[in-house]
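# Results of the structural survey
Single-letter residue listing:
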Amino acid sequence: MGAREAVRTWLRDVLANERATGLSLLAAGIAVAVVSPLLWLLAAAAERPLAQLPALLLRPAAVEALVNSLALVAAVTAGSVLLGVPLAVLVVRTDLPFRRLFTITAALPIVLPSYIGAFAFVSAFGPQGLLTRRLGLIGDLVPPIYGFVGTALVLTLFVYPYVFLGTRAALLTDDPGLIEAARTLNRDRLEAFRAITLPRILPGIAGGALLVALYTLADFGTPAIMHFDTFTRVIFVEATTFARDLAALLSLELLGVTAVILALESRIGGGTDTAGSSRGHRGGEAVQISLGRWRWPLTLLPLSVAGLTLVLPLAVLFVWLLRPAISAGGLSFEWGFALNSVGLSAGAAILAALAAIPVAYLAARRAGPTSTLIERATYLGYAMPGVVLGLALVAFGTSIAPVVYQTIPLLLFAYVVRFLPQAVSTIRSSLLQVDRSLLEAARTLGHPPGRAFRRVTLPLVAPGIVAGAGLVFLTTMKELPATLLLHPTGMETLVSFIWVVQDTGAYGKAAVPALALVGLSGLSLFVLFQRGEFDV
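Counting starts from 1 at the beginning of each chain's written sequence and moves along it residue by residue. Side-chain atom pairs in this predicted model are given and counted only at pLDDT of 80 or more, local residue features only at pLDDT of at least 70, and totals for whole chains, interfaces and linings cover all residues. Heavy atoms from the whole structure form the basis of all side-chain values; hydrogens and water molecules are not counted.

### Describing the overall build of the protein chain
The numbering of helices and of strands both runs from the N terminus, where a helix is a DSSP run of H or I of at least 4 residues and a strand a run of E of at least 2. Tallying secondary structure elements over the protein chain gives 26 helices and 0 strands in all. A simple rule labels every residue: compare its accessible area, found with a 1.4 Å probe on the protein chains alone, to the largest value its type can have, and call it buried under 20%, exposed over 50%, or partly exposed in between. Counting all 536 residues of the protein chain, 51% fall into the buried class. The contact criterion used throughout is that any non-hydrogen atoms of two residues lie within 4.5 Å. Excluding contacts between residues fewer than 6 apart, the proportion of contacts in the protein chain whose partners are at least 24 apart in sequence is 83%. Surface accessibility of the protein chain: about 24200 Å² in total, with carbon and sulfur atoms responsible for 67%. In these tables, accessible area is a Shrake-Rupley quantity obtained with a 1.4 Å probe, and a residue counts as shielded only by the protein chains included in the view.

### Quick look at empty space enclosed by the protein
Both site types are read off a 1 Å grid over the protein atoms alone. A 1.4 Å probe that fits but cannot get out defines a cavity, while an open set with protein on both sides within 12 Å along at least five of seven lines defines a pocket; lining residues have an atom within 4 Å of a point. Grid points are joined across faces, edges and corners, and a volume is the space filled by probe spheres set on the points. Scanning all chains against the criterion turns up 3 cavities of 30 Å³ or more. Lining the second largest cavity, in full, are Ser341, Leu344, Ser345, Tyr415, Thr476, Met477, Thr483, Thr493 and Val495. Of all the elements in the fold, those that place two or more residues in the lining of the second largest cavity are helix H16 (335-365) and helix H22 (449-478). Among the residues making up the lining of the second largest cavity, the classes are represented as 4 nonpolar, 5 polar and no charged. Each residue receives one of three labels: charged for Asp, Glu, Lys and Arg, nonpolar for Ala, Val, Leu, Ile, Met, Phe, Trp, Tyr, Cys and Pro, and polar for the others, Gly being one of them.

### A word on the side chain of Thr94
Position of Thr94 among the secondary structure elements: in the loop between helix H3 (60-93) and helix H4 (99-107). By relative accessible area, which is 3% here, Thr94 ends up buried. N or O atoms within 3.5 Å of each other form a polar contact, as long as, within protein, one can give a hydrogen and the other can take it, and as long as residues adjacent in sequence are counted only when both atoms are side-chain atoms. Of note is the side chain of Thr94, whose polar atom sits 2.5 Å from the backbone oxygen of Leu90.

### With respect to helix H17 (residues 369-378)
Along H17, the residues that are buried comprise Ser371, Ile374, Glu375, Ala377 and Thr378. Angular distribution of buried residues about the axis of H17 spans 160 degrees; they occupy a single face of the element. Of the residues in H17, the exposed ones pointing more than 90 degrees away from the buried face are Pro369, Leu373 and Arg376. It is the directions from the helix axis to the C-beta atoms that the arc portrays.

### A short note on the packing of helix H15 (residues 300-322) against helix H25 (residues 507-521)
All axes here are fitted lines through C-alpha atoms, helices being fitted over the stretch that makes contact, and every angle between N-to-C directions spans 0 to 180 degrees. Between H15 and H25, the shortest axis-to-axis distance is 8 Å and the interhelical angle comes to 130 degrees. Classified by the angle their axes make, H15 and H25 are oblique. The crossing of H15 and H25 is left-handed. Residues Leu314, Leu317, Phe318, Trp320 and Leu321 of H15 form the contact with H25, whose own contacting residues are Tyr507, Gly508, Ala511, Val512, Ala514, Leu515 and Val518. Orientation labels follow simple angle bins: below 35 degrees gives roughly parallel, above 145 gives roughly antiparallel, 65 to 115 gives roughly perpendicular, and whatever is left gives oblique. Handedness of a crossing follows from how the near helix is turned relative to the far one, being left-handed for an anticlockwise turn of less than a right angle and right-handed for a clockwise one.

### Focus on the environment of Gly343
Structurally, Gly343 is set in helix H16. Sequence separation between Gly343 and Thr493 is 150 residues, and the spatial gap between their C-alpha atoms is 9.9 Å.

### Considering the packing of aromatic side chains
For this analysis, a ring pair means two rings from Phe, Tyr or Trp (six-membered ring only for Trp) whose centres lie within 6.5 Å, classed as stacked if their planes differ by under 30 degrees, edge-to-face if by over 60, and tilted for the remaining angles. In the structure shown here, the tally under the stated rule is 10 aromatic pairs. Ring centres of Phe98 and Trp296 lie 6.0 Å apart, and the angle between their planes is 70 degrees; this geometry places the pair in the edge-to-face category. Of the two residues, Phe98 is situated in the loop between H3 and H4 and Trp296 in the loop between helix H14 (244-269) and H15; the sequence distance between them amounts to 198 residues. Judged by relative accessible area, which is 52%, Phe98 ranks as exposed. Between the aromatic rings of Phe220 and Trp499, the centroid separation amounts to 5.3 Å while the plane-to-plane angle is 40 degrees, which identifies the pairing as tilted. Of this pair, Phe220 sits in the loop between helix H11 (189-218) and helix H12 (221-225) while Trp499 sits in helix H24 (residues 494-503); the two residues are 279 residues apart in sequence, bridging distant segments of the chain. You'll find Phe220 and Trp499 in the same group, each marked buried. An aromatic cluster is present here, built from Phe98, Phe102 and Trp296 joined pairwise through their rings.

### Focus: the packing of helix H13 (residues 231-240) against helix H19 (residues 386-399)
Running from amino to carboxyl end, H13 crosses H19 at an angle of 20 degrees, the nearest separation of the two axes being 9 Å. The orientation of H13 relative to H19 falls into the category roughly parallel. H13 and H19 meet at a crossing whose hand is left-handed. Between H13 and H19, the contacting residues are Thr232, Ile235, Phe236 and Ala239 on the first element and Val387, Val388 and Leu391 on the second. Its residues assigned to classes, the contact of H13 with H19 shows 6 nonpolar, 1 polar and no charged.

### Notes on a nonpolar patch on the surface
Taken together, Leu314, Phe318, Leu321 and Leu322 make up a surface patch of nonpolar side chains, about 390 Å² in accessible area. Within the secondary structure layout, Phe318 lies in helix H15. The class for Phe318 is partly exposed, based on a relative accessible area of 45%. For patch building, the residue pool is restricted to those with more than 30% relative accessible area and no salt bridge; the joining distance is 9 Å between like charges and 5 Å between nonpolar side chains (Val, Leu, Ile, Met, Phe, Trp, Tyr). Any carboxyl oxygen of Asp or Glu within 4 Å of a side-chain nitrogen of Lys or Arg constitutes a salt bridge here.

### Examining H24
Residues three or four positions apart in an α-helix share a direction because the helix packs 3.6 residues into each turn. Among the 10 residues that make up H24, 8 are buried, leaving the element largely enclosed by the rest of the structure. When we look at burial in H24, the residues that qualify are Leu494, Val495, Ser496, Phe497, Ile498, Trp499, Val501 and Gln502. Positive phi appears at Gly505, one or two residues downstream of H24, with a value of about 85 degrees.

### Considerations on the confidence of the model for the protein chain
Per-residue pLDDT for the protein chain averages 78, and the proportion of residues at 70 or more is 75%. No element of the protein chain has a lower mean pLDDT than helix H7 (residues 137-141), at 49, and none a higher one than helix H8 (residues 148-159), at 94. The pLDDT value expresses, per residue, how confident the predictor is, ranging between 0 and 100. Long-range and interchain partners of residues 13-18, a stretch whose pLDDT sits below 50, account for 0 contacts in this model, where long-range means more than four residues apart. Here residues 270-286 is modelled with pLDDT under 50, and outside its nearest four sequence neighbours on either side it reaches 42 contacts, counting other chains as well.

### Observations regarding the pattern of salt bridges
For side chains of opposite charge, pairing can occur when their charged atoms come near one another. A complete count under the given rule lists 4 salt bridges for this structure. Of the charged contacts in the structure, one is a salt bridge between Arg233 and Asp229, with a shortest N-O distance of 3.0 Å.

### Focus: the nonpolar core
Proteins that are soluble and globular tend to have nonpolar side chains buried together. Residues enter a nonpolar core if they are buried and are Ala, Val, Leu, Ile, Met, Phe, Trp, Tyr or Cys, with the set joined through side-chain atoms within 4.5 Å. Ile116, Phe164, Ile235, Val388, Leu420, Leu486 and Leu517 are the most contacted members of the largest nonpolar core, which totals 154 residues. Top contributing element to this core by residue count: H16, with 14 residues. Residues within four places of Leu517 in sequence aside, it is in contact with Pro113, Tyr115, Ile116, Met477, Lys478, Leu494, Val495 and Ile498.

Here it is as structure tokens:
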């Protein structure tokens, strides 16, 4: 019996090692697929002789795009911190009226695509805008909405929630009793906040600021609508005018800037992750700062922000909805475009969830250098701007595999590469919460590893899989540049139709699809509520 049991144990170990090897190979294959667009981008850039690279990268248009992009990132990041941090402090640490309501209104702009915000602001404050014409002489005093100022303003208003949510989460997990202890040492609240609270919530602020910086650097729609040349706009123009080699060079330079931003954040944030969750100690609600006579006047801040980010865009869209639409070259909205968007997003969500399961399982259950490398590799697509990813896949489709160029499979692949990390991180978090002893108990009852995973682990992590797929679905709905570059000819989606008609000035025809997109995007807040990441 002893020898027979030893053989059985040996066979189980061999099979387990084979399954582990198979899992690692599967996850590694997924990581290689995610990284492959970078290789195609390098191949496209290599079409230019090496000696020409300095002159190309230093030509005036390229230098201007670099300077504009860096200036925009700095302005939007600073503006988001100056707006997001005070709002978070007000709704968490003070006795501001209607704090729960203002928490929701301060977070909601994150679900509106920034290019919808740009569309609304141009419609309202452009040279022929709805409000500009009604303001008369006052309208002449309003700074031009186009260019750097308008782009920075719109982006700040629609991406500051990243800083707000990161700061709010950090404040909720911080112990406010430390402030009271500092007060006993004769420090006023401002000094105590600077000395005690600020260093502790800095990682949360830095995490939010990183997301703002990456979003600003990668955004294509807003700078294009606001007529401001950044990397993404120049890359898109070059890619669509058959100068893909030059666009590839600029894309590599943009990825280099992205890497620098990530490196800077890692030094500032100190590697502490406090911005990702609002769970844990909730002492931030235990002590409230009395605002005194400023209690009601300070409500003007969240009210003004809500007016600019929620009321104004929706009002503009409804006005255009009710007005006769200007001709858009025969284009008319069809609800089939919405069905196309939903179908593509659902397909991307399912594929991303399936691809994320082996990567997340390997990272959660078999921690080590290999699993860490594989998991980190899948995040490359998320750090790669959509216009860069789209250009890489255009290069692949036109030169290597013409049969898949501008087809649904290639577009779905782009979506999965771009948003796979959302599913990986969500599923990995769910797996880490599953007690290993449950799986071991199933193994002792004679269930092989595969069956034990299906019967024990999979039902427990199913909510995380659904949440991850939901996040991929909702972000795919809003993805603009990759959709414009890769969608099949004749197959319109909500974002592609919005882009075409706003480019012709037929804003009325963009109203219905824009409202539909905003409504579907608003479901992302519901996902956050369901996951418990955003409780108010």
